[in-house]
Every structure is written in C-alpha cells, then in structure tokens.
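Topology and contacts: notes
Below are the chains, spelled out letter by letter.
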Amino acid sequence: MPRIRIDLPEAFTFSTEIALYLSHMNYAGHLDNAMLLSVVSEARARFFKFLGYSELDVDGVGIVIADAGVQYKSEAFHGEVMLVQMTAADFTDKGCDLLWCMHERETRRQVARGKTGIVFYDYGARQVSSVPAGFRLRAAG
C-alpha cells in the first residue's frame, strides 16, 4: 500500500494554539493517534467559529466528516502547545477538504499534517446539501 502524502498550501486561513493534556497521551507517553484527531476536531470547531459559524450551522446547514488522512511527522508530549493551522481547499458542489498542519509552538517541529473531507448536510431534511456561498468565500481566504 502506498504511503499517504498530504500536500499543504503555502498559506492557511486560520491558526490556533492547543495545549496537550495528559489525557491526549498513550501508553508510550506521546500523543495518541486517536487523540491527535480530537485535537484536530477542536481546531476545526475553532475554525468554524472564526468564520462566524458552528459545525451545525453554516448558513442553515451543518457538516459531516466524509474522510480523513493523516501524515505523522514527529512525537508530541504532555504539556507541549500545538499550533494548528487550517484552510479550506478543493471545493466541490457538496463539500471541500480542510487542510491542516500541526507544529509544536516553540520549536516549530512539525508533528502532523492532514486533510479532513467535509460534506455539507441538511440535518432537518437528512440529506446532503450544497456548499453555502458565504462559507466558500470566507473559508478559502
């Protein structure tokens, strides 16, 4: 199986700092792979808030996660502060990719990079929806 490769943009629309807690660590004492996705989920929620939305209300529709890809670059440890950068790219009629990169704040050591595919979803009608025009304008920077 070929290795996953995530190409990042030169610039990101958003960045946030997230401290790593003991609960983010695994038995080996470094950031657990599942907990890395929870850190990215927190960054994604902050990204939507930065844009004036929530994940359940983007101009009247929500989002669902369609897929995710991760490239791990280095370990991260309890007490470190991660700088998570995020932007939207590769728009389709129904969704887009959220590209992200995570660095340790002080040393700038890259910990991981990835993409999360999102689809817009009308929870009331229980069906996929088009990308809201306002989101497309705001999120792509």
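Computed from a predicted structure; not experimentally measured. (Residues numbered from 1 in each chain as written. Predicted model: local features only at pLDDT ≥ 70, side-chain atom pairs only at ≥ 80, totals over all residues. Heavy atoms only, no water.)

1. A look at the overall build of the chain
Along the backbone of the chain there are two helices and six strands. Reading the secondary structure of the chain in the N-to-C direction produces β-α-β-β-β-β-β-α. For the chain, the spread of C-alpha atoms along the principal axes amounts to about 45 × 30 × 30 Å. Counting the 141 residues in the chain, one finds 44% classified as buried. Summarising the internal contacts of the chain: among those between residues at least 6 apart in sequence, 67% fall at separations of at least 24. Entry remark: accessible area of the chain is about 7,800 Å², with carbon and sulfur atoms responsible for 51%. When the 15 basic and 17 acidic side-chain charges of the chain are each reduced to a single mean position, those positions are 1 Å apart. (Helix = DSSP H or I, 4+ residues; strand = E, 2+ residues; numbered from the N terminus. Buried < 20%, exposed > 50% of the residue type's maximum accessible area, 1.4 Å probe, protein only. Contact = heavy atoms within 4.5 Å. Areas by Shrake-Rupley, 256 points an atom, 1.4 Å probe, with all protein chains shown as cover. Lys, Arg positive; Asp, Glu negative; His and termini not counted. Charge placed at Lys NZ, Arg CZ, Asp CG, Glu CD.)

2. Comments concerning the nonpolar core
Across soluble globular proteins, nonpolar side chains show a tendency to be buried alongside one another. By size, the foremost hydrophobic cluster in this structure holds 33 residues, and its most contacted members are Phe-48, Met-102 and Phe-135. Here this core gets six residues from one element, more than from any other, and that element is helix 1 (residues 33-50). With residues up to four places along the chain from it excluded, the contact list for Phe-48 reads Tyr-53, Ser-54, Glu-55, Val-58, Ile-63, Leu-98, Ile-118 and Phe-135. (Core = buried A, V, L, I, M, F, W, Y, C linked by side-chain atoms within 4.5 Å.)

3. Observations concerning the pairing of strand 1 (residues 14-19)
Of the two faces of strand 1, only the one carrying Phe-14, Thr-16 and Ile-18 is buried; Ser-15, Glu-17 and Ala-19 on the other face are not. As judged from the six bridges shared by strand 1 and strand 3 (residues 81-89), these two strands associate in the antiparallel manner. From the neighbouring strand, Glu-17 faces strand 3, where its bridge partner is Leu-83. (Pairing = 2+ DSSP bridges.)

4. Things to note about the state of the cysteines
Applying the stated rule across the entire model yields zero disulfides. Considering cysteine sulfurs only, Cys-101 is the nearest to Cys-96, which forms no disulfide, with 18 Å between them. (Disulfide = S-S within 2.5 Å.)

5. Things to note about helix 1
Taking 1.5 Å per residue as the helical rise, helix 1 with its 18 residues ought to reach 26 Å, and the 26 Å between its terminal C-alpha atoms agrees with that figure. Along helix 1, the residues that are buried comprise Leu-36, Val-39, Val-40, Ala-43, Arg-44, Phe-47 and Phe-48. Residues of helix 1 that are buried in the fold lie against strand 1, strand 2 (62-72), strand 3, strand 4 (95-104), strand 5 (110-122) and helix 2 (133-139). In this structure Asp-32 caps helix 1, since a side-chain oxygen of it lies 2.9 Å from the backbone nitrogen of Ala-34. In the stretch just after helix 1, Gly-52 is the one whose phi turns positive, near 95°. (Expected span 1.5 Å × (residues − 1). Polar contact = N/O pair within 3.5 Å; in protein donor to acceptor, adjacent residues only side chain to side chain.)

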